[in-house]
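So the chains spell out like this:
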Amino acid sequence: MELDGAVVLPGIVDAHTHLVSLGESLSQVDLQDAADLAELQARLAAFADANPDAERLMGRSWLFSTLEGRAPHRSMIDAVISDRPAYLIANDHHSAWVNSAALAELGVVDATPDPIGGTIERDASGAATGMLMENASLGLMRDVLDSLVSDADREASLSAAFESYLAVGVTAAVDMGLGEPELRALLALQKRDGRLPMRVAGHWVVNRTSSSAGDLAGVARAVSLASTLRGPWLRITGIKIFVDGVIDSCTAAMRHPFADGSHPDALWDLASLSAVVTAADAAGLQVAMHAIGDAASALALDALEAAVAANGPRDDRRHRLEHLETVDAATPARLARLGVVASLQPVHCDPAIQENWRAMLGDDRVERGYPWGEFADAGATIALGTDAPTAPYQPLPNLYIAATRQSALVPGLPANIPRNAMPIADAVRRATRDAAYASRWDGELGVLRPGAAADFFVLDADPFVDGPEVLLSAGVRMTVLAGEVVHSAEAVSA
Ligand SMILES: [Zn+2]
């Protein structure tokens, strides 16, 4: 096949994504770049007008900074949508802002107790405001919404996510949020077609329950799935644990309080976390832990050390920490020593979405935000992903931010701590070969060589010669998966 000297790269492996949610997000109203509350409300009203038959409306990616210091309240949504439930998922995906009809649909009243690990925010009079934090949105709200979405809806969402990924050169993805509904959708598509449209590895979410036996039941389910799902298209490789929340809504576990004085604990204590991590490690599963606050990643590493002490030395455990937005000075070296993969999402560090992040920390901690250079200097393996749909799923802007720490959303903004940018060749390697390594796909995926899977894509620009800036306007001419053209932007002379 004549490609006229075009750049060919191994298929991108998105090391951290959420496939069904990504597909769903493609039909939700995008609020990320709404300038202020009035524009956000106008978009919701227009979306409601355009979708008169939708039983409920979903918005996504709104930023706290859009409200210019005002606290989100259900009345602000009620003002434009009161006839049906409206759920607005925050950009950080760890909280949701809903209207009064949605609270009613969820069965949340002022007296409803907070779920474990979550908060139903209330005003001074005790009335629910419509803000659902952490497990109130990730657990309670998601459970209700999951029960309202049909399996056919989820399968359609999954198909939409696959199609979107293949068109931008992504040929494999690691789903970091698998539960029963997502797994049903993956299995249904695989059964229907005998394969999936791209390669998927999954981590089974183990949420903390009210008992150690309950926590370990989650691990047992993952062990049984991992033993049966080991095919070339779908594999369950490990578990996913949320150790803390996020900085944007002040739910991350930090050594020192947030600027507003809040200082939440991690979602697990060391004993409960170590029990789960040790059980998964003993079964040979990979443990991926969401850890954004400096105290969260230290706690996660403590739990991994406890697992090593309990289960004995073993090569190649390949556990992973996700996000690592703030860390103790000692954390990078601990990651390297334990062989733990640093799973990073450059898109989260886009300068255009840092205002609230920086304000919530409010001190010199922001000067060590997203310290990728420290992980690299310590010798830790870095894998890149997008965490879609908390951020755009397209890999080229992600690689641009990795290589420049500049904004793909608002080009021209000052770089976000540019000393932590990585050379473009390292960024590409970490989004392909090292992302494959992070899910035990090494040797097969993420490399171009005889014997490896023929997964690759053709770029219409050359970032190695012309610089990472060309990634902002570059296109994917063709994507090839298992030797088959699965996406083509133009006729290619063969
Ligand atoms: Zn995620």
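The shown structure was predicted, so the numbers you read here are calculated from the model rather than taken from an experiment.

Quick notes on the rules
Residues numbered from 1 in each chain as written. Predicted model: local features only at pLDDT ≥ 70, side-chain atom pairs only at ≥ 80, totals over all residues. Heavy atoms only, no water. Helix = DSSP H or I, 4+ residues; strand = E, 2+ residues; numbered from the N terminus. Rg over C-alpha atoms; globule rule 2.2 N^0.38 Å. Buried < 20%, exposed > 50% of the residue type's maximum accessible area, 1.4 Å probe, protein only. Pairing = 2+ DSSP bridges. Right-handed = clockwise from strand over helix to strand, strands pointing away. Axes fitted to C-alpha atoms, helices over the stretch in contact; angles between N-to-C directions. Parallel < 35°, antiparallel > 145°, perpendicular 65-115°, else oblique. Left-handed = near helix turned anticlockwise from the far one by under 90°. Contact = heavy atoms within 4.5 Å. Nonpolar A, V, L, I, M, F, W, Y, C, P; charged D, E, K, R; others polar. Donors = N, O, S within 2.8 Å, 3.2 Å for Na, K, Ca; no water. Disulfide = S-S within 2.5 Å. Core = buried A, V, L, I, M, F, W, Y, C linked by side-chain atoms within 4.5 Å. UniProt positions renumbered as here; feature names shortened; annotations may be inferred. Salt bridge = Lys/Arg side-chain N within 4 Å of Asp/Glu carboxyl O. 1 Å grid on protein atoms, 1.4 Å probe; cavity = no way out; pocket = protein on both sides within 12 Å on 5 of 7 lines; lining within 4 Å. Points joined across faces, edges and corners; volume = space filled by probe spheres on them.

## A few points about the overall build of the protein chain
- In terms of regular secondary structure, the protein chain is built from 17 helices and 18 strands.
- Scaling as 2.2 N^0.38, a compact globule of 494 residues should have a C-alpha radius of gyration of about 23 Å, and the protein chain matches this with 22 Å.
- Reported as C-alpha extents along the three principal axes, the dimensions of the protein chain are approximately 65 × 55 × 50 Å.
- A buried classification covers 56% of the 494 residues belonging to the protein chain.

## Regarding the pairing of strand β4 (residues 57–62)
- Where burial is concerned, most of β4 is hidden: six out of the six residues are buried.
- Judged from the two bridges that link them, strand β3 (residues 29–30) and β4 form a sheet pairing that is parallel. The residue bridging Asp30 from the neighbouring strand is Arg60, located in β4.
- Where the polypeptide runs from β3 across helix α2 (residues 37–50) and back to β4, its parallel neighbour, the crossover connection is right-handed.
- As paired strands, β4 and strand β5 (residues 86–90) are joined by five bridges and run parallel to one another. What sits directly across from Leu57, in β5, is Ala86.

## Details of the packing of helix α10 (residues 294–311) against helix α11 (residues 331–338)
- Two numbers describe how α10 lies on α11: the axes approach to 11 Å, and their chain directions differ by 25°. As far as their axial angle goes, α11 and α10 are roughly parallel. Regarding α10 and α11, the two cross each other, and that crossing is left-handed. Contacts between α10 and α11 involve Ser297, Ala298, Leu301, Asp302 and Glu305 from the first element and Thr331, Arg334, Leu335, Arg337 and Leu338 from the second.
- The residue makeup of the contact of α10 with α11, split by class, is four nonpolar, two polar and four charged.

## Side note on the coordination of the zinc ion
- Taken together, His16 (NE2), His18 (NE2) and Asp387 (OD) make up the full set of protein donors to the zinc ion, lying 2.1 Å away.
- Counting the intervening residues between successive donors of the zinc ion yields the motif H-x1-H-x368-D. As far as burial versus exposure is concerned, His16 and His18 are alike and both buried.

## A look at the state of the cysteines
- One pass over the structure, following the stated rule, counts zero disulfides.
- With no disulfide of its own, Cys349 has Cys250 as its nearest cysteine by sulfur position, at a separation of 19 Å.

## A closer look at the nonpolar core
- With 100 residues, the main nonpolar core has Ile239, Ile241 and Met289 as its most contacted residues.
- Per-element tally for this core: the top contributor is α10, with eight residues.
- In this view, Ile241 contacts Val206, Trp268, Leu273, Val276, Val277, Val287, Ala288, Met289 and His290; residues no more than four positions away in its chain are not counted.
- Residues Leu31, Ala48, Leu67 and Ala86 belong to the second largest nonpolar core, which totals 21 residues.

## What about the environment of Asp363?
- Looking at the secondary structure, you find Asp363 in the loop between α12 (355–361) and α13 (372–378).
- Judged by its relative accessible area of 34%, Asp363 falls in the partly exposed class.

## What about the UniProt feature "domain: Amidohydrolase" (unreviewed entry) in the protein chain?
- According to UniProt, the "domain: Amidohydrolase" (unreviewed entry) feature falls on residues 3–487.
- Annotated as residues 3–487, this span is 36% helix and 20% strand, and its ends, taken at the C-alpha atoms, are 15 Å apart.

## Quick word on the pattern of salt bridges
- In this structure the tally under the stated criterion is 33 salt bridges.
- Its salt-bridge partner being Glu182, residue Arg142 comes within 2.1 Å of it at the nearest N-O pair. Of this pair, Arg142 sits in helix α5 (residues 135–148) while Glu182 sits in helix α7 (residues 180–193), placing them 40 residues apart in sequence.
- The class for Glu182 is buried, based on a relative accessible area of 6%.
- A salt bridge links Asp316 to Arg318; its shortest N-O distance comes to 2.8 Å.
- Residues participating in the shared-partner salt-bridge network are Arg142, Asp146, Asp151, Arg154, Glu182 and Arg184.

## Regarding the sheet that holds strand β15 (residues 382–384)
- Strand order in the open sheet made by the eight strands is β2-β9-β10-β11-β12-β13-β14-β15, with parallel pairing throughout. The sheet is open, and its two edges are formed by β2 (12–17) and β15, each paired on a single side. Mean inter-strand twist for the sheet, computed between neighbouring axes without regard to direction, equals 25°.
- Sheet strands touched by α7: β9 (170–178), β10 (199–205) and β11 (234–242). Its angle to β11, the strand with the most contacts, is close to 170°.

## Some details on the sheet that holds strand β8 (residues 128–134)
- Reading across the sheet, the six strands line up as β3-β4-β5-β6-β8-β7 and stay open at both edges, with mixed pairing between neighbours. Each edge of the open sheet carries a strand with a single partner, namely β3 and β7 (118–122).
- Of the pairings in the sheet, the one linking strand β6 (residues 95–98) to β8 comprises three bridges and is antiparallel in character. Following the sheet pairing, Ser95 is matched in β8 by Met133.
- Lying over the sheet, α5 contacts β4, β5, β6, β7 and β8, oriented at roughly 100° with respect to β8.

## Let's talk about the packing of helix α14 (residues 395–404) against helix α15 (residues 424–431)
- Contact geometry of α14 with α15 gives a least axis separation of 9 Å together with a crossing angle of 135°. If you check the angle between α14 and α15, you find them oblique. Handedness of the α14/α15 crossing: right-handed. The segment α14 lies against α15, with Leu399, Ala402 and Ala403 engaging Ile424, Ala427, Val428 and Ala431.

## A look at empty space enclosed by the protein
- Enumeration over the complete set of coordinates arrives at three cavities of 30 Å³ or more.
- Put simply, the largest cavity is a space of about 70 Å³.
- Together, Ile12, Val13, Asp14, Val170, Leu384, Gly385, Thr386, Tyr393, Pro395, Asn398, Leu399 and Ala431 line the largest cavity.
- Contributions of two or more residues to the lining of the largest cavity are made by β2 and α14.
- For the second largest cavity, the calculated volume is near 40 Å³.

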